[in-house]
Amino acid sequence: MRASPLRASLALLVFCGLLALLSRPLGPAPALGPLLDPARGVWATGRGEGAAPRGEASIPGLAGPVRVVYDDRDVPHIFASRVDDAIRVLGYVVARDRLVQLQVQTLAASGRLTEIAGARALPLDQEMRGLGLPRNAERIARETAAGGIEDRFTRAYADGVNAWIASITPARMPLELRLLGIGPARWEPVNTAHLMNRMMWTLASYAPERDRAPAASMVGAAAAASLFPEHTPIQQPIEPNGSPEPRFAAARIVPPGRPDSGARVVASILRALAPATTRRLAAADPGDDRPSAASNNWAVAPARSATGHALLAGDPHLELTLPSIWYEVHLVVPGELDVYGVTIPGAPGVLLGMNRDVAWSSTNTGADVMDFYAERVDDVDHPTRTLVDGAWHPVERRVERYRGRRGEVIATDTVLYSHRGPMRREGDRWLSMRWTALESGPGWGSVIEAYDLLARATSARGALDALDRFAAPAQNFVIADRQGTIAVRSNGRFPVRPGDGSGMVIRDGSTSASDWTGDLRPAEYPQAVAPAQGYVATANQDPWDPATARGYLGVSIDPWRAMRINRLLRADSQVTVDAMRRWQTDPGSERAELFVPAFLRAASRCLAAPCAGVDTTRLREGARLLGEWARRYTRDDRRAILFELAMRQLTDDTFEELVPAGSERRVVTPSSSILATLLRDSTNAWWDDRRTAPREDRDAVLARALGDAVRQANVRHLLQIPALGALGLSVQGGPSTLSPLSGTGTHGASWRMVVELGPELEAWGTYPGGQTGDPTAPGYRDRLPLWLEGRLAPLQRPRSAADAGRLPGARTVDFAPRGAR
């Protein structure tokens, strides 16, 4: 997801509502009488609202008639004569199905959750405001050019949302709002900027300094740099490098050294500047590959397709919530637009999907687009200016007031801004943060316009041209067209830094020589069009091979999923649609293929000549069980559980130097590719557990970890969906597989799609949940069974309203301009 852009969604609302019902100190509890009223209370909520509506409706500002036809999967097919009208109706239908989601994500992104949750939400609100996100959304609203595409689309979308809000009767009020005893707030165009900012926070707020600094404070700068390198030591880059197999770099992991006291101060400042983000990264399971940001997409050229048509698959892995992050929709404006896919509630367009000629999907690049600067201020206690190149620059002071449920001010603080960005103090030092999220614009129009142009593209190359306008968050786009061209590009704003170009250090803010010198141009991005290998794939791995890299983009994550999908693609020269679907839940693990033999070799050695500290009875049983494992994460596979326990124990035993005295938690955890690199150095000092007397080598630690893993465990892959959710669902997948579910099951494939780009595009897809956000409606979670089984539903894409009317279960709503009836 790390938190998703919808982190404070239904879970928080229902939690707060239930607390209110139980008379907890959240403010005035809603009266139970109205809630239990059989005609207008909770039990009336959603009656007739779960199914798609019929009849007529009205939206102010419509220039022409619009027809919406809902199919049997409750997908609205919107037919309009003008694009702005289609966007108006999109806002209306999304609000009808996801009003609570729209409301809460705005409160979360704008740092106003205290208005429904009181003081307990204050830390979340302070984080958003401390990062400067609400201030940035206000800047975007001010700078948005009147009449431009971003202005037109965000205003049209707001018209639609507000038309639905105005039509709500007491019987239609969403359950969660009833529980809270509040009504919906009017939707403003700036709320779209809040949504985009929240997506930036989710997908583009990773700063590698936060990993290196705490590690350096424990084991020294050199060891920290080797544990958290700029590039993973195993390479299967996005941009094809001519090698079909992954490349293992000759990297050396530096033994632990003397702690760096200066790094301890830096680590404290970084934690203060973005505390929740730091906690999420530090607490990540080392086998999960930062699952909140994990996604897959790939495309196959006609020469390697069984049908002779290009194929494309995409499945972004984000936080699993009910209602889903995504909303499925089809927009048609004859002669201009015919786009199908998924949108995020609040976004005026389709983000992932297809038109009649082109299909696209994206994964997160994980680029380093956030830097920190040590500022020189005029007064440490009350700074009003920062010094740069001998000249003083004013500091902006923004007073932030946090209000409670009755509008009362419950807290106040002040956020300082240098000319680079928000500032934070730790001790006698002040750091400012520069982040592309706070500089994008004008008005996020680049993103809105890019998606509009992408929806109109007629070829893969045209789609790439559209993405020239896409600034943030940086994404790896995979594209395919009906002509058979496939393409991939790591796309977004990539800052160019001075000196060695690295973003791994805290920079001197007193000189402009520390500032970014520009940005990469689209022609310089990692990319490939119609590569000779006949396929492209991204899974959050390094965009380009560091051996040929043309600059610093950021720190990559483990390439296990990229290695797996590339292996599957290499092995099949007649790829089918069904294979593309099956691969999205493929249970194979390249990580297990590398580590299991190492465990078994170590077990064999320590059973032949006992290693100190190893229980040979348990080791023999562990080796037997692990040796029986096919290294596939199928449902309820106890051998997979054993392997994960062994990997967790191996990580604990190897990196105990990163655990502060008196604590049980590491300050930060190196990736499993670093462990894989250590496997090549059997006597490296990292293998020795300083907590035990004998000096261990690699095999002793591997064997002990495997033996210690043989115990009773109740570990399952769960989908822990917050509030009114579906818990304890058994799924196929695991860490570092193509379905990289975390052990808690809170993150996974939030949308799966496969497209065949023949003379007529055919597409299949699903997501975990349902179109409606009404928990009392049948459509609230009706897609879960299909998603759990790894199957996809055909995506119907009628060309006209008349065709849509002939779909099974079709229901129609007509929207007419005011006065046209």
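Not measured: the values here are computed from a predicted model. Chains are numbered independently. Their residues run from 1 in the order of the written sequence. Since the coordinates come from a predicted model, pLDDT governs what is reported: local features require at least 70, and pairs of side-chain atoms require 80 or more to be given and counted, while whole-chain, interface and lining totals use all residues. Based on all heavy atoms of the structure, the side-chain values leave hydrogens and waters out of the count.

**So, the overall build of the protein chain**
- In this description a helix means any DSSP run of H or I spanning at least four residues, a strand means any run of E spanning at least two, and both kinds are numbered starting from the N terminus. Along its length, the protein chain carries 24 helices and 30 strands.
- The 821 residues of the protein chain split such that 63% are buried.
- Here the open area of atoms and residues is found with the Shrake-Rupley method and a 1.4 Å probe, where only the protein chains shown may cover a residue. When the accessible surface of the protein chain is summed, it comes to about 29000 Å², and 52% of that surface belongs to carbon and sulfur atoms. Accessibility here uses a 1.4 Å probe with only protein chains present; expressed as a share of the type maximum, an area under 20% marks a residue as buried, one over 50% as exposed, and anything in between as partly exposed.

**Observations concerning the pattern of salt bridges**
- Counted as salt bridges are all cases of a side-chain nitrogen of Lys or Arg within 4 Å of a carboxyl oxygen of Asp or Glu. In total, this model carries 56 salt bridges according to the counting rule given.
- With a closest N to O distance of 3.0 Å, Arg112 and Glu115 form a salt bridge.
- The class for Arg112 is partly exposed, based on a relative accessible area of 29%.
- Given the relative accessible area of 23%, Glu115 is considered partly exposed.
- When salt bridges with common partners are traced through the structure, they connect Arg129, Glu138, Arg398 and Glu400 into a single cluster.

**Some details on the packing of aromatic side chains**
- Aromatic pairing here means that ring centres of Phe, Tyr or Trp (its six-membered ring) are within 6.5 Å. Orientation follows from the plane angle: under 30 degrees is stacked, over 60 is edge-to-face, and everything else is tilted. This model, assessed by the stated rule, comprises 12 aromatic pairs.
- Among the aromatic residues, those joined into a ring-pair cluster are Phe599, Trp629, Tyr633 and Phe643.
- As a reminder, the over-ring test applies to NZ of lysine and CZ of arginine, requiring each to be within 6 Å of the ring centre and within 35 degrees of the ring normal. In this arrangement the basic side chain of Arg385 is found over the ring face of Trp392, its NZ or CZ atom lying 4.6 Å from the centre.
- Seen from the ring of Tyr373, Arg420 lies directly overhead, with NZ or CZ sitting 4.5 Å from the centre.

**Focus on the sheet that holds strand 12 (residues 370-375)**
- The 6 strands lie next to each other as 15-16-17-18-12-22, forming an open sheet whose pairing is mixed. Two strands lie at the open edges of the sheet, namely strand 15 (396-403) and strand 22 (507-508), each paired on one side alone.
- Sheet analysis places strand 16 (residues 409-417) next to strand 17 (residues 422-426), joined by 2 bridges and oriented antiparallel. Opposite Tyr417, over in strand 17, you have Pro422 as the bridge partner.
- Whether two residues touch is decided by their heavy atoms; if any such pair falls within 4.5 Å, the residues are in contact. Here the axes come from fitting lines to C-alpha atoms, over the contacting stretch only for helices, and the angles between their N-to-C directions go from 0 to 180 degrees. Across the sheet, helix 6 (residues 133-143) is in contact with strand 15, strand 16 and strand 18 (429-435); its angle to strand 15 comes to roughly 105°. At least two bridges found by DSSP between two strands are what make those strands a pair.

**Observations concerning the nonpolar core**
- We call a set of buried residues a nonpolar core when its members are Ala, Val, Leu, Ile, Met, Phe, Trp, Tyr or Cys and they connect through side-chain atoms within 4.5 Å of each other. Grouped together as the largest cluster of nonpolar side chains are 103 residues, with contacts concentrated most on Ile78, Val89, Leu90, Val93, Trp326, Met354 and Phe815.
- Residue contributions to this core peak at 15 residues, all from helix 3 (residues 83-109).
- Within the second largest apolar cluster, 50 residues are counted, among which are Trp560, Cys606, Leu626 and Ala703.

**Section: unusual backbone geometry**
- Of note, the bond from Leu322 into Pro323 is cis; its omega dihedral lies within 30 degrees of zero at 0°.
- In this structure, Pro323 sits in the loop between strand 7 (310-319) and strand 8 (327-333).
- Omega for the peptide link from Ala472 to Pro473 comes to -5°, which places this bond in the cis form.
- You can see Pro473 is positioned in the loop between helix 15 (460-467) and strand 19 (475-481).
- Look at Ala530: it is not a glycine, yet its phi comes out positive at around 50°.
- For Ala530, a relative accessible area of 49% translates into the label partly exposed.
- Even without a glycine there, the phi angle at Arg631 is positive, about 65°.
- Assignment of secondary structure puts Arg631 in the loop between helix 19 (616-628) and helix 20 (638-654).
- A residue is classified by how much of its surface remains accessible, and Arg631, at 22% relative accessible area, is partly exposed.

**Focus on the side chain of His194**
- Looking at the element boundaries, His194 is found in helix 9 (residues 190-203).
- A relative accessible area of 7% means that His194 is categorised as buried.
- Filtering out sequence-adjacent residues up to four positions away, His194 remains in contact with Thr106, Ala109, Ser110, Pro134 and Ala137.

**A few points about the sheet that holds strand 19**
- Reading across the sheet, the 11 strands line up as 1-30-2-3-8-9-10-11-19-20-24 and stay open at both edges, with mixed pairing between neighbours. In this open sheet, the two strands that pair with only one neighbour each are strand 1 (55-57) and strand 24 (527-529). Across the sheet, the mean angle separating the axes of adjacent strands is 20° when strand polarity is ignored.
- With 7 bridges connecting them, strand 8 and strand 9 (residues 337-343) associate as antiparallel partners. Counterpart to Glu328 in the pairing with strand 9 is Val342.
- Across the sheet, helix 15 lies against strand 11 (358-364), strand 19, strand 20 (486-491) and strand 24, angled at about 150° from strand 19, the strand it touches most.

**Brief notes about the packing of helix 18 (residues 590-608) against helix 19**
- Across the interface, helix 18 lies against helix 19 with an axial gap of 10 Å and an inter-helix angle of 145°. By crossing handedness, the relation of helix 18 to helix 19 is classed as left-handed. Contacts between helix 18 and helix 19 involve Val596, Phe599, Leu600, Ala603, Cys606 and Leu607 on the former and, on the latter, Thr616, Leu619, Arg620, Ala623, Leu626 and Gly627.
- Classifying every residue of the contact of helix 18 with helix 19 gives 9 nonpolar, 2 polar and 1 charged. Here a crossing is taken to be left-handed if its near helix is turned anticlockwise relative to the far helix by less than a right angle, and right-handed if that turn runs clockwise. Amino acid classes used here: Ala, Val, Leu, Ile, Met, Phe, Trp, Tyr, Cys and Pro are nonpolar; Asp, Glu, Lys and Arg are charged; the rest, including Gly, are polar.

**Overview of the environment of Val409**
- Residue position: Val409 is located in strand 16.
- Relative accessible area serves as the criterion here: at 40%, Val409 is assigned to the partly exposed category.
- Through-space distance from the C-alpha of Val409 to that of Thr114 is 9.8 Å; in sequence the pair is 295 residues apart.
- Sequence-distant contacts of Val409, that is, excluding residues within four places in its chain, are made with Arg401, Tyr402 and Arg403.

**Things to note about helix 15**
- Taken as a whole, helix 15 has its buried residues at Ala460, Ala463, Leu464, Ala466 and Leu467. Looking down the long axis of helix 15, one finds its buried residues gathered within 155° of arc, a one-sided arrangement. Opposite its buried face, helix 15 presents the exposed residues Arg461 and Asp465, each directed more than 90 degrees away. An arc is given here, and it is the one of the directions from the helix axis to the C-beta atoms.

**Topic: the environment of Ser682**
- Its place among the elements puts Ser682 in the loop between helix 21 (672-678) and helix 22 (698-708).
- Ser682 sits in the partly exposed class, given a relative accessible area of 28%.
- Along the backbone, Ser682 and Asp699 are 17 residues apart, and their C-alpha atoms lie at a distance of 7.3 Å.

**Focus on the state of the cysteines**
- Note on terminology: disulfide denotes any pair of cysteine sulfur atoms within 2.5 Å. What the rule picks out here adds up to 1 disulfide.
- Paired by a disulfide, Cys606 and Cys611 hold their sulfur atoms 2.0 Å apart. Because the sign of the S-S torsion sets the handedness, a value of about -80° for the bond joining Cys606 and Cys611 places this disulfide among the left-handed ones.

**Some details on the environment of Trp187**
- Inspection of the secondary structure puts Trp187 in the loop between helix 8 (175-180) and helix 9.
- Residues Trp187 and Gln103, 84 residues apart in the sequence, show an inter-C-alpha distance of 8.1 Å.
- Excluding residues within four positions of it along the chain, Trp187 makes contact with Leu102, Gln105, Thr106, Tyr157, Ala158, Val161, Asn162, Ile165, Thr192 and Gly346.

**A closer look at the side chain of Asn540**
- Within the secondary structure, Asn540 sits in the loop between strand 25 (535-538) and helix 16 (560-570).
- For Asn540, a relative accessible area of 5% corresponds to the buried category.
- Within polar-contact distance, the side chain of Asn540 engages the backbone nitrogen of Ser295 at 2.7 Å.
- Side-chain polar atoms of Asn540 contact the side chain of Arg561, separated by 2.8 Å. Counted as a polar contact is a pair of N or O atoms within 3.5 Å, where, for protein atoms, one must be capable of donating a hydrogen and the other of accepting one, and residues adjacent in sequence contribute only when both atoms are in side chains.

**Description of the packing of helix 20 against helix 22**
- One can describe the packing of helix 20 onto helix 22 by two numbers: an axis separation of 8 Å at closest approach and a directional angle of 135°. It follows that helix 20 is oblique to helix 22 by the angle criterion. The crossing of helix 20 and helix 22 is right-handed. The residues of helix 22 that touch helix 20, namely those facing Ala646, Gln649, Leu650, Asp653 and Thr654, are Val701, Leu702, Arg704, Ala705, Leu706 and Asp708.
- Split by residue class, the contact of helix 20 with helix 22 holds 6 nonpolar, 2 polar and 3 charged. Small angles under 35 degrees read as roughly parallel and large ones over 145 as roughly antiparallel, with 65 to 115 read as roughly perpendicular and the rest as oblique.

Such coordinate-based values are descriptive only and should not be taken to indicate function.
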